[in-house]
Amino acid sequence: SFLFDLCEYSSCPCPSLSPRRCSFCIQLDNMKQEATFDNQGCCRWIRLKYYHYSLWTGIYMLDKWERVLFNSFVLGVSAASIYYSQDTLVAIADFVKDRVVELSAGSTGSSS
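It should be emphasised that the depicted structure is a prediction, and the values quoted were computed from it without experimental measurement. (Residues numbered from 1 in each chain as written. Predicted model: local features only at pLDDT ≥ 70, side-chain atom pairs only at ≥ 80, totals over all residues. Heavy atoms only, no water.)

Overview of the packing of aromatic side chains
Under the definition given, this model contains 2 aromatic pairs. With centroids separated by 5.8 Å and ring planes inclined at 45°, the aromatic side chains of Tyr-50 and Tyr-53 adopt a geometry described as tilted. Taken together, the positions of Tyr-50 and Tyr-53, both in helix α2 (residues 41-57) and 3 residues apart, correspond to about one turn of that helix. Exposure remark for Tyr-50: the relative accessible area of 38% places this residue in the partly exposed category. Note on Tyr-83 and Tyr-84: the rings are 4.9 Å apart at their centroids and 80° apart in plane angle, and the pair reads as edge-to-face. In this pair, the class of Tyr-83 matches that of Tyr-84, namely exposed. (Phe/Tyr/Trp six-rings, centres within 6.5 Å; stacked < 30°, edge-to-face > 60°. Helix = DSSP H or I, 4+ residues; strand = E, 2+ residues; numbered from the N terminus. Buried < 20%, exposed > 50% of the residue type's maximum accessible area, 1.4 Å probe, protein only.)

Put into structure tokens, the structure is as follows:
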């Protein structure tokens, strides 16, 4: 038999000693139960999403200053991508708008 059984969550990064449960999954279950949009639920939901992001990127292993540096880099690259892609997005939106106008004018013109 295999020493470590996999957890019930497919995204669980850690093997569990007891079948179907691990500390990661217990903590995730607790956070999911708290993640409602009632009183202070929005902050809990944001913390849960940041926790998922930390696990997905692997930054939970880093020191605090390394996390700040990494998150600053990700934020900077994302902001630069959005800023420099604005012209392209505007051009695409104009093209799609023109195509929709042409198609709608063509469909109304052919039915008359």
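This is not the end of the story, as more comes after the structure.
Notes on the confidence of the model for the protein
Of the residues in the protein, 58% have a pLDDT of 70 or more, and the chain-wide mean is 75. The secondary structure element of the protein with the lowest average pLDDT is helix α1 (residues 23-34), at 65, and the one with the highest is helix α3 (residues 64-84), at 93. Taken as a whole, residues 1-6 scores under 50 in pLDDT and shows 8 contacts with residues more than four places along the chain or in a different chain. (pLDDT = per-residue confidence, 0-100. Contact = heavy atoms within 4.5 Å.)

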